[in-house]
Every structure is written in structure tokens, then in C-alpha cells.
Amino acid sequence: MREPFVLEGQTIPAGQRRIVDIPLSMMSDHTPATVSVQVIHGKRDGPTVFISAAIHGDEVLGVEIIRRLGRLVALRRLSGTLLLVPIVNSFGFIGQSRYLPDRRDLNRSFPGNINGSLASRLAHLFLNNVVRRCDYGIDLHTAAIHRNNLPQARVDLKSKKARILAEAFEPPVILNASLREGSLRAAASELGIPVMVFEAGEALRFNEVAVRVGVAGIMKVLRHLKMVAKGTTRSANKKIRKTPVATKSSWIRATEGGLLRTRHDIGDYVREGDILGLISDPFGARETEVLATKDGLIISTSTIPLVNQGDAVFHIAFLSEAAASDASIEAIEDEIDSNPIFEYDEL
């Protein structure tokens, strides 16, 4: 039998799970603020992996992914340890805001400081109490408000271990994303802990396709790490495909302010010169075309028709049409349907 897992003074025996509340601060109404972690401590040896969501408080889709993940029957036979953190930024989550009350971005506040701002203290707590305990991590995100992301993995391709995680996840597309100062990925990398980011959907919204891609992808990573049995994640008839990897991408920006009518959506493949949308003034007197500047796959779009000059409206990953052929929404839905139906524990 494995040794128990100890977190914040609580002991979780092998083969059991427990929710542990790590104290952070007291809110202004005297309500305790904590970071809640569900520890699933398998009976057999294996890696320790954290799955986190809502580092940006309005990114609720990852919360649903973790909720469903925690109910999978396959986790009863887990090898290793899972640390599930559905809501890192509880302040932003409650306030439906990307940021903390001090208007700081938690994902630009790592590694943090125990004596710093609220964001800095939260970053320090999460990094030292959760991330340091792990061998790998998956951080779940969505697009910023008024944008929609195609399900995608983002990693620094220079990190071999992080890239392997992303490839095991088998997302529709993998995007090269250099480490940013102050981000969780950068702080974890300094500790030698590879972290991949899963981006999908919109802020403050659920998206069934994105949720199912997220749950399935995490299970594929756990299978790759030999934390769950091989037969739990892949259909015998599933087509094997190589996930396209985009080393570069670019935002197309509005050249004028006005009302945007889009002609393409996430998952569409476009060619240089294609009309992506039209920007009109409220009277219809002027109309400006938004053109693709490169061939590639649309991985993010604006979802609000009101645009100002310079607003980012389409994000294109530079890929060949052949490489991007399996990344359309229809192809993603077909692949989801070909996967085995996961069995959930009854609550």
C-alpha cells in the first residue's frame, strides 16, 4: 500500500479522495477565502498531476471539465495522484471577472510573494502548495470575454516534455506559445514541471463540444502517463491521426470601427485574400472587407459585432490545408462520437 498523501495537515490514505481547503485570506464580509483541492490518491504508484481551472475567474468551462473528470469511474483504479483545482481564482469566479479585486491578472503574478498583493499571495500559495507537489500539470482556459476559441493545446515547443503532454492530449491543433513572464507555465517551468494549457470556448459560457474534448484529452494524457488503464479512452475503431502543430499564428485586426458581420468561424480553413468578414458603419454608407493575410486555420474569433479600429477579430494558425483537415468543428464532433462513452459515478 502506498504512503498517504498529506496536504494542509490532512492525510489522504491510498485509494481515497478528499477535498482540502487551503486558507488564503478573509473577504471583506468576513467570509473565509480558500483554494479548494480535491485529492484523488490512487492505490498504486504513479505520477502526481494537477488539473487547474479558473485562474481567470470568468473562465468557467474548465470548472465543468474538472467536475465531469472527477466523476469518471475510471479514476477508481487510478495509479498515482490527481490534484483537481476547479477554481483557483475564487474572487474572480464569484464576481464573474477575469481578474482579482485588485484588478491584477493572476496569470501574470507568478511565482508570487507571500507578502505581496492579493494576486501575488494567491499565486505564491497555489504554486507552493499544489504545483510544487506535482510532476505534470494541465491548466484549463477559455478565450477572453467576447471571443471564442477552437479547442487547442498551447505549449512552448522548446519543452520536449510539455510537447509530449500536448500530443498525448490529441487536441484539434497544437499552438506554439512561448513562456510569458509571470505566467503559471513559466513559474512551473522554472521548477522543472511541464505544464500544457488547454484553450477552448468562451468566457462565462459552457460549450458541450469543448467540454467533451477537454475531458477526453485529459484522460488520454493520464493513459499516456500510465495512470489509467489503456482501454478507458480509445475506441478500437478510432482513426489514428497526427495532431497538426502550428509554430506561428497571427491576429487579423479591424482596420476601421463599425459593425462586424463574419463570414467564417473557428475551425474554418481560409486562404490568403479570403474575405473573413465585413465592417459597416451603422448607416451602411461604408463597408470594409476583413481579409485573411495568410493561409491557415481560424482558431479564435470575436463574438461581438461592435468593433473599434485595431480590435483583434480573427486569430489564424498558419497551417497547410492538409494538416488542418481534421480540425473543423464537424471533424471534432465526429471524433468525439467515435470515442467510448465515459461511465460516470452517480452522485
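For the structure, check the block above.
Reference entry: report on the structure contained in this document. Because the structure is predicted, anything quoted here is derived from the model rather than measured.

All right, on to the packing of helix H6 (residues 208-224) against helix H7 (residues 329-338) then. Where H6 contacts H7, the two axes come as close as 10 Å, and the packing angle between them is 55 degrees. Classified by the interaxial angle, the pair formed by H6 and H7 is oblique. You can see that H6 and H7 cross each other, and the crossing is left-handed. Along the contact surface, H6 presents Val209, Arg212, Val213 and Lys220, while H7 presents Ile332, Glu333, Glu335, Ile336 and Asp337. Partitioning the contact of H6 with H7 into residue classes produces 4 nonpolar, no polar and 5 charged.

On to the pairing of strand E15 (residues 275-280). Of all 6 residues that make up E15, 5 are buried, and the element is covered over most of its length. Bridge count for strand E13 (residues 258-262) against E15 is 4 bridges, and the pairing is antiparallel. Bridging across to E15, Thr262 finds its partner in Gly277. Strand direction decides the pairing type here: E15 and strand E16 (residues 287-291), joined by 5 bridges, are antiparallel. Pairing of Ser280 across the sheet is with Glu287, part of E16. Between E15 and E16, which pair antiparallel in sequence order, lie 6 residues; one of them, Gly284, sits at a positive phi of approximately 75 degrees.

So, about the sheet that holds E15. With antiparallel pairing, 4 strands are arranged side by side in an open sheet as E16-E15-E13-E18. Looking at the sheet topology across the chains shown, the edges are occupied by E16 and strand E18 (306-307). Summarising the sheet, E13 and E18 pair through 2 bridges and their orientation is antiparallel. In the sheet register, Leu259 faces E18, and the bridge partner there is Leu306.

This part is about the packing of aromatic side chains. All told, the structure shown has 2 aromatic pairs when counted by the stated rule. Here Arg147 stacks its cationic end above the ring of Trp251, 4.5 Å away from the centre of that ring.

Moving on: the layout of surface pockets. Reported here for the largest pocket is a volume of approximately 680 Å³. Going through the elements one at a time, strand E7 (136-141), strand E8 (147-155), strand E9 (174-176), helix H5 (184-190), strand E10 (195-201), strand E12 (249-253) and strand E19 (312-317) are the ones with two or more residues in the lining of the largest pocket. For the lining of the largest pocket, the residue count by class is 8 nonpolar, 11 polar and 10 charged. As for the second largest pocket, its lining consists of 13 residues, of which Ile19, Gln38, Ile66, Arg67 and Pro86 are closest to the centre. With 4 residues, helix H1 (residues 61-70) is the largest single contributor of residues to the lining of the second largest pocket.

Ranked by size, the top nonpolar core spans 66 residues in total, and within it Ile51, Leu75, Leu82, Leu140, Met196, Ile218 and Leu276 carry the most contacts. Ranked by the residues each element gives to this core, the list is headed by H6, at 9 residues. Beyond its immediate chain neighbours, meaning those up to four positions away, Leu75 contacts Arg17, Ile40, Leu69, Gly70, Leu82, Met219, Leu222 and Val228. Among the nonpolar cores identified, the runner-up in size contains 32 residues, and Val85, Ala119, Ala123 and Ala188 belong to it.

Before going further, it helps to spend a moment on the pattern of salt bridges. The tally for this structure, following the rule as stated, stands at 14 salt bridges. The shortest N-O distance in the salt bridge between Arg271 and Glu321 comes to 2.3 Å. Note that Arg271 is positioned in the loop between strand E14 (269-270) and E15 and Glu321 in the loop between E19 and H7, a separation of 50 residues in sequence. For Arg271, a relative accessible area of 40% puts it in the partly exposed group. The network of salt bridges with common partners includes Glu64, Arg67, Arg68 and Glu208.

Scoring rules and cut-offs
Residues numbered from 1 in each chain as written. Predicted model: local features only at pLDDT ≥ 70, side-chain atom pairs only at ≥ 80, totals over all residues. Heavy atoms only, no water. Axes fitted to C-alpha atoms, helices over the stretch in contact; angles between N-to-C directions. Helix = DSSP H or I, 4+ residues; strand = E, 2+ residues; numbered from the N terminus. Parallel < 35°, antiparallel > 145°, perpendicular 65-115°, else oblique. Left-handed = near helix turned anticlockwise from the far one by under 90°. Contact = heavy atoms within 4.5 Å. Nonpolar A, V, L, I, M, F, W, Y, C, P; charged D, E, K, R; others polar. Buried < 20%, exposed > 50% of the residue type's maximum accessible area, 1.4 Å probe, protein only. Pairing = 2+ DSSP bridges. Phe/Tyr/Trp six-rings, centres within 6.5 Å; stacked < 30°, edge-to-face > 60°. Lys NZ or Arg CZ within 6 Å of the ring centre and 35° of its normal. 1 Å grid on protein atoms, 1.4 Å probe; cavity = no way out; pocket = protein on both sides within 12 Å on 5 of 7 lines; lining within 4 Å. Points joined across faces, edges and corners; volume = space filled by probe spheres on them. Core = buried A, V, L, I, M, F, W, Y, C linked by side-chain atoms within 4.5 Å. Salt bridge = Lys/Arg side-chain N within 4 Å of Asp/Glu carboxyl O.

Note that every value here comes from positions in space, so none of it alone points to a role or purpose.
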